[in-house]
Each structure stands twice: as C-alpha cells, then as structure tokens.
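# Descriptive analysis of the structure
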Amino acid sequence: MRKMIAITGGIGAGKSVVSKIVRAMGHYVYDCDSEAKKLMDRSCEIKRRLQCEIDSRVVDGKGVIDRTLLADIVFQDNVKLEVLNSIVHSAVREDVTARFVSMPEHCVMFVETAILYQSGLDLIVDEVWCVNAPEELRIERVMKRNGCSRENVVARIESQHYEPVSPHGKVIELINDSVLPLLPQVERAIAPCL
C-alpha cells in the first residue's frame, strides 16, 4: 500500500536537510517549492492571475516571474499571500496526487512543504514529519542563506506560523538544532514505514 508523508516546518527549520537525507535513503521527495515554480513558469493562466490579482509588475514582458518582487509583496501583505496561495495550491495538489497514484504499490512518497495546512495537503497525507529548530537559529540560517534582512525573515516566519497536526493523528517531530543528531531521528521515523 502506498503511503504519503509530509516533511514540513517553518522557514529555516531544516526541511530541505531532512529531504536530502530521505532522498539519500532512496525515497522519492516531491519538493512543493520547486514544483510550484515549474508549474508557475509553464502556466500562462497562473501568470495572468498573478498580474491581475497581486501586482502587474510581477511578470515581465517576456512572461518571466520576478520572484523577488513577488515575495516582497506577499510577505508584507497577508491578503496577497492568501491570493498567491489560492492560485498555486490547487495546481500543486493535483500534481502531487497524480504523481502519488502513478507510483508503485508499497511505495513511500515524501512531500516537502512549508505550508502544509494552508495548501490543503495535510488532508491527503498519511503522516506529518515536523522539522523544528529554535527561532533564532532559523533566523540566522535564512539571513545567511538568502541574504535577507532580519525583519524580512521574521515577517516570513510569522506568515507561516502553525501548530503541526494531522487528520490521521500521526505527527513526528524532528529536531534540527545543530546539537541533536538528525540522521538517527530520520532513521527512527522512517523505520515503521518500510
């Protein structure tokens, strides 16, 4: 029987690190951020809606999305962030579902997402792995990785705040605090799934 497991957590918590470990173990990971970007780049309808519903400047004359400008706009305006999410999430959910049903039986598919609940993906996964790290460490990581200001990172963290829950009751917390070893936590979490 197939199983779908979400890897989630706030920005800078270490979702991508956990995903890399899972991939190295031989499992398929659907990265919602990168797949959403591909879907956005291919869809003229998504681009049209971004221009009409968020800001006309976010898509240039050649049809290229200015992701920096888009992020600056939506992370400063919760209404526009919700609009962006509504535009993109249904396409991502459809794509995740199509890939999941095409996978072999007895396969585990992982879905990496920062916005599990806002996207509605929490309703289709069997289990949730929530990656956590202290907020100050998360802020430092993102500032270093993205070259963002502290204020920008804090705004992003606040826009993603949630309590990890699963409709199936299965939530596993993974601590990525640069102290507690992460690999053994992942190995313990994945063992019952195999």
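Residues numbered from 1 in each chain as written. Predicted model: local features only at pLDDT ≥ 70, side-chain atom pairs only at ≥ 80, totals over all residues. Heavy atoms only, no water.

## Focus: the packing of helix 3 (residues 44-53) against helix 5 (residues 78-101)
Applicable threshold: Helix axes are fitted to C-alpha atoms over the stretch in contact, other axes to C-alpha atoms as well, and angles between N-to-C directions run from 0 to 180 degrees. For the purposes of this entry, the term helix denotes a DSSP run of H or I that reaches at least four residues, the term strand denotes a run of E that reaches at least two, and both are numbered from the N terminus. If an angle is under 35 degrees, it is roughly parallel; if it is over 145, roughly antiparallel; if it lies from 65 to 115, roughly perpendicular; otherwise it is oblique. Helix crossings fall into two classes, left-handed where the near helix is turned counterclockwise from the far one by less than a right angle and right-handed where it is turned clockwise. The contact criterion used throughout is that any non-hydrogen atoms of two residues lie within 4.5 Å. Three classes are used: nonpolar for Ala, Val, Leu, Ile, Met, Phe, Trp, Tyr, Cys and Pro, charged for Asp, Glu, Lys and Arg, and polar for all others, with Gly counted as polar.
Between helix 3 and helix 5, the shortest axis-to-axis distance is 10 Å and the interhelical angle comes to 165 degrees. Of the possible angle classes, the one that applies to helix 3 and helix 5 is roughly antiparallel. Considering how the two elements wind past one another, helix 3 and helix 5 form a crossing that is right-handed. Residues I46, R49, L50 and E53 of helix 3 pack against V83, L84, S86 and I87 of helix 5. Residue classes in the contact of helix 3 with helix 5 are distributed as 5 nonpolar, 1 polar and 2 charged.

## Points about the pattern of salt bridges
Here is the rule: Salt bridge criterion: a side-chain nitrogen from Lys or Arg within 4 Å of a carboxyl oxygen from Asp or Glu. Only protein chains enter the calculation, and the probe is 1.4 Å; a residue is then buried if its accessible area is under 20% of its type maximum, exposed if over 50%, and partly exposed in between.
Going through the model one piece at a time under the given rule, you end up with 10 salt bridges. Ionic pairing is found between E35 and R99, a salt bridge with its closest N-O pair at 2.9 Å. On the criterion of sequence distance, the pair formed by E35 in helix 2 (residues 32-42) and R99 in helix 5 is long-range, its members being 64 residues apart. A salt bridge links D95 to R99; its shortest N-O distance comes to 3.3 Å. Of this pair, D95 and R99 both sit in helix 5, separated by 4 residues, roughly a single helical turn. Overall, the relative accessible area of 16% leaves D95 in the buried class.

## Examining the confidence of the model for the protein
This is how the line gets drawn: For every residue, the predictor assigns a confidence score, pLDDT, that lies between 0 and 100.
Here the protein averages 91 in pLDDT, and 95% of its residues register 70 or above. Per-element mean pLDDT across the protein ranges from 84 in helix 6 (residues 116-119) up to 97 in helix 1 (residues 15-24).

## Overview of the packing of helix 1 against helix 9 (residues 182-190)
When two helices pack together, their arrangement is given by the angle between their axes and by how far apart the axes lie. In contact at an axis separation of 11 Å, helix 1 and helix 9 are set at 60 degrees when each is read in the N-to-C sense. When the axes of helix 1 and helix 9 are compared, the pair comes out oblique. Relative to helix 9, the crossing made by helix 1 is right-handed. Residues V17, V18, I21 and V22 of helix 1 form the contact with helix 9, whose own contacting residues are L182, L183 and V186. Within the contact of helix 1 with helix 9, the residues separate by chemical class into 7 nonpolar, no polar and no charged.

## Focus: the nonpolar core
Quick reminder of the rule: Definition used in this section: a nonpolar core is a set of buried Ala, Val, Leu, Ile, Met, Phe, Trp, Tyr and Cys residues joined via side-chain atoms within 4.5 Å.
Judged by nonpolar contacts, the single largest core of 36 residues is most densely connected at L50 and L70. Elements represented by at least two residues in this core include exactly strand 1 (3-8), helix 2, helix 3, helix 4 (67-74), helix 5, strand 3 (108-112) and helix 6. Ranked by the residues each element gives to this core, the list is headed by helix 5, at 8 residues. In this structure L70 touches M40, L50, I54, V58, I65 and L84, once residues within four positions along its chain are discounted. The next biggest cluster of nonpolar side chains, apart from the first, holds 18 residues, and it includes V29, V108, F110 and L174.

## Describing the environment of R67
Tracing the sequence through the fold places R67 in helix 4. Overall, R67 belongs to the partly exposed group, its relative accessible area being 27%. On a C-alpha basis, the gap between R67 and K37 in space is 9.3 Å, while along the polypeptide they are 30 residues apart. Once residues lying within four places of it in the same chain are set aside, the contact partners of R67 are K37, M40 and D41.

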